[in-house]
Amino acid sequence: MAKENDFQPPEEKATSAGQRDVNRRLKYISLAVLVVQNASLILNIRYVRTLPGDHFYATSAVVMAELLKVLTCLLIILLQKKFNVKEMVRLLLDAIVFQYKDTLKLAVPSLIYTLQNNLQYVAISNLPAATFQVTYQLKILTTALFSVLMLKKSLSRVQWISLLLLFAGVAIVQVQQEGNKESSVSSSFKQNYMVGLFAVVISCLSSGFAGVYFEKILKGSSASVWVRNVQLGIFGMALGMLALWWNDGDAIAERGFLFGYTNMVWCVIFNQAFGGLLVAVVVKYADNILKGFATSFSIIVSTVLSIYLFGFHIDLLFTAGAGLVIGAVYMYSLPRPAGPSSTSSSSSSSSSLSSRTDRGGEMEKFLPKCGGKRKGS
């Protein structure tokens, strides 16, 4: 039986082939962007938090990142409204003020995200970058469990096995890391491994709950994801300022809000503020397998660079634990076998693992159209 493509004119065939080539290039670019974003943020935070001398206040960095994120989302909304300021103001007033009940619902995930962002600084300040990168993948486990409990979603047998392997891999890494310290920074920066471990575990729990809760809110609303991020950012800045006043108020009043800000610190803040929005753009061209591969590859990149930058030591136990985590992340991202009931539940369970900035469907209006339908979409 002749294929439909056999009856296409030569011009259309050439166009389709060109679009497939563009899609392929965009996938590789997406992979590179995801790996760089995942690895660079952790390595940059680790670097600036372990330098000798006075450090910037993490609470101020969290507030600054939220401010930049809100401004970026406002700019995107303005672009959607074709620079009609009145329409944008009307939209924001309706979504934020007049529908105040929906706005108040976002206070819960915003509080958790603010807590999570502050805990990440605490965790990375006390854990080697590679250890944090491996342990932080527990957020996949917590998000999956909260999705099952709160959204009644189902996981495939392979996904359950991958979650068990993930937990086992993280546990092996913790056994290996107990008592080990990075030789290059142990004398210049006071670290507490148990504090860092507690911070990353709480961060993973908060990430899983907040992500699923935010998804539940999005499903029950027609508001733009960028408007939702503005609402989250407003609460985030308010709660971040409260945490800043409570933890570092006197010191910041004496030294200033921007004390300790260097070029590298600004890189960390911009990465936090725009990294998630950048991921929202490239995810359009990256399927779940590619995202899982990017996460796995970023663990390898963080580990290798930690050896050269921070004097991190790896042994057989760490290699085995990290290998289990990398394999588990990749296994979890694999698509389910085709079936009447598995298709919908597979797509929904994988979508819950995206963070609040991964939900960038609205960004498609500003992206080039690609004709080839990508695998897994």
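Fair warning: this is a prediction, and the values are worked out from it, not measured in the lab.

> Outline the overall build of the protein chain, supporting the account with residue identities and numerical values.
The helix and strand tally for the protein chain stands at 14 helices and 0 strands. Reading the helices (α) and strands (β) of the protein chain from amino to carboxyl end gives α-α-α-α-α-α-α-α-α-α-α-α-α-α. Looking at the 377 residues of the protein chain, the share that counts as buried comes to 49%. Sequence-distant contacts in the protein chain: of pairs separated by 6 or more residues, those separated by 24 or more amount to 87%. Counting every atom, the protein chain has about 19,000 Å² of accessible surface; 66% of that belongs to carbon and sulfur.

> Any chance you could break down empty space enclosed by the protein for me, citing the residues and the numbers?
Empty space among the atoms becomes apparent when a probe as large as a water molecule is rolled across them. By the definition in use, this model includes 1 cavity of 30 Å³ or more. The volume enclosed by the largest cavity comes to roughly 30 Å³. In terms of lining residues, the largest cavity is bounded by Ile140, Ser162, Leu163, Leu166, Ala328, Val329 and Tyr332. Mapped onto the lining of the largest cavity, the elements with two or more residues apiece are α8 (157–177) and α13 (316–333). Here the lining of the largest cavity is composed, by residue class, of 6 nonpolar, 1 polar and no charged.

> Give me the confidence of the model for the protein chain: which residues, what numbers.
Looking at the protein chain as a whole, the pLDDT averages 79, with 76% of positions reaching at least 70. Every residue in residues 182–188 scores below 50 in pLDDT, and together they form 15 contacts with partners more than four places removed in sequence or on other chains. Counting interchain partners and residues more than four positions distant, the pLDDT-below-50 stretch residues 340–377 has 83 contacts.

> Can you tell me about the pattern of salt bridges, naming the residues and giving the values?
Here the structure, examined in full by the defined rule, presents 1 salt bridge. Salt-bridge contacts for aspartate 102 lead to lysine 105; the nearest nitrogen and oxygen are separated by 3.6 Å. Note that aspartate 102 and lysine 105 are positioned in helix α4 (residues 100–105) at a spacing of 3 residues, about one turn of the helix. Judged by relative accessible area, aspartate 102 falls into the partly exposed class, the value being 22%. When its relative accessible area of 43% is taken as the criterion, lysine 105 is described as partly exposed.

> Account for unusual backbone geometry, with residues named and values stated.
In the Ramachandran plot, lysine 82 falls in the positive-phi region, its phi being about 55° despite a non-glycine side chain. Take lysine 82: it is sitting in the loop between α2 (58–80) and α3 (85–98). A relative accessible area of 72% places lysine 82 in the exposed class. In this structure, lysine 152 takes a positive phi of about 60° despite not being glycine. Its place among the elements puts lysine 152 in the loop between α7 (138–151) and α8.

> Give a detailed account of the environment of tryptophan 226, specifying residues and quantitative values.
When you line up the elements, tryptophan 226 lands in helix α10 (residues 225–255). Look at tryptophan 226 and you get buried, because its relative accessible area is 1%. Remark: the alpha-carbon pair of tryptophan 226 and lysine 69, spanning 157 residues in sequence, is separated by 10.0 Å.

> Explain the packing of α3 against α10 residue by residue, including any values.
Two elements in contact, α3 and α10, have axes whose closest approach is 11 Å; the angle formed by their N-to-C orientations is 60°. By the angle between their axes, α3 is oblique relative to α10. α3 and α10 meet at a crossing whose hand is right-handed. Here α3 contributes Leu91, Ala95 and Ile96 to the contact with α10, which in turn contributes Val227, Val230, Gln231 and Ile234.

> Requested: an account of the layout of surface pockets, with residues and values cited.
Size it by volume and the second largest pocket reaches roughly 470 Å³. Every element with two or more residues in the lining of the second largest pocket is listed here: α2, α5 (107–126) and α10. Top element by residues in the lining of the second largest pocket is α5. It accounts for 9 residues.

> Can you tell me about the environment of phenylalanine 235, naming the residues and giving the values?
Position of phenylalanine 235 relative to the elements: it lies in helix α10. Taking the C-alpha atoms as reference, phenylalanine 235 lies 9.3 Å from glutamate 66; in sequence the two are 169 residues apart. Contacts of phenylalanine 235, omitting those with residues within four sequence positions, involve Thr103, Leu104, Leu106, Ala107 and Ser110.

> So what's going on with the packing of α2 against α10? Which residues, and what values?
Orientation of α2 relative to α10, taken along the N-to-C sense of each, is 160°, at an axis distance of 8 Å. The orientation of α2 with respect to α10, classified from their angle, is roughly antiparallel. The hand of the α2/α10 crossing is left-handed. By residue class, the composition of the contact of α2 with α10 is 17 nonpolar, 8 polar and 2 charged.

The rules behind these values
Along each chain, the written sequence defines residue order, and numbers are assigned to residues from 1. Since the coordinates come from a predicted model, pLDDT governs what is reported: local features require at least 70, and pairs of side-chain atoms require 80 or more to be given and counted, while whole-chain, interface and lining totals use all residues. The side-chain figures draw on all heavy atoms in the structure; neither hydrogens nor water molecules are used. Secondary structure elements are defined from DSSP: runs of H or I of at least 4 residues count as helices, runs of E of at least 2 residues count as strands, and each element is numbered from the N terminus. We call a residue buried when its accessible area falls under 20% of the maximum for its residue type, exposed when it is over 50%, and partly exposed in between, using a 1.4 Å probe and counting protein chains only. We call two residues contacting when some pair of their heavy atoms lies within 4.5 Å. Under the convention used here, a 1.4 Å probe and the Shrake-Rupley method define accessible areas, while residue burial counts only the protein chains that appear. Buriedness for pockets is judged along seven lines, at least five of which must meet protein on both sides within 12 Å for an open set on the 1 Å grid over protein atoms alone, while cavities are sets there where a 1.4 Å probe fits but cannot get out, and lining residues have an atom within 4 Å of a point. Grid points are joined across faces, edges and corners, and a volume is the space filled by probe spheres set on the points. Residue classes follow a fixed rule: Ala, Val, Leu, Ile, Met, Phe, Trp, Tyr, Cys and Pro count as nonpolar, while Asp, Glu, Lys and Arg count as charged, and any other residue, Gly among them, counts as polar. pLDDT is defined as a per-residue confidence score from the predictor, taking values between 0 and 100. The rule for a salt bridge is simple: a side-chain nitrogen of Lys or Arg has to be within 4 Å of a carboxyl oxygen of Asp or Glu. Note on geometry: axes are C-alpha line fits, over the in-contact stretch for helices, and angles between N-to-C directions span 0 to 180 degrees. The labels follow the angle: roughly parallel below 35 degrees, roughly antiparallel above 145, roughly perpendicular from 65 to 115, and oblique for the rest. Two helices cross in a left-handed way if the nearer one is turned anticlockwise from the farther one by less than a right angle. They cross in a right-handed way if the turn is clockwise.

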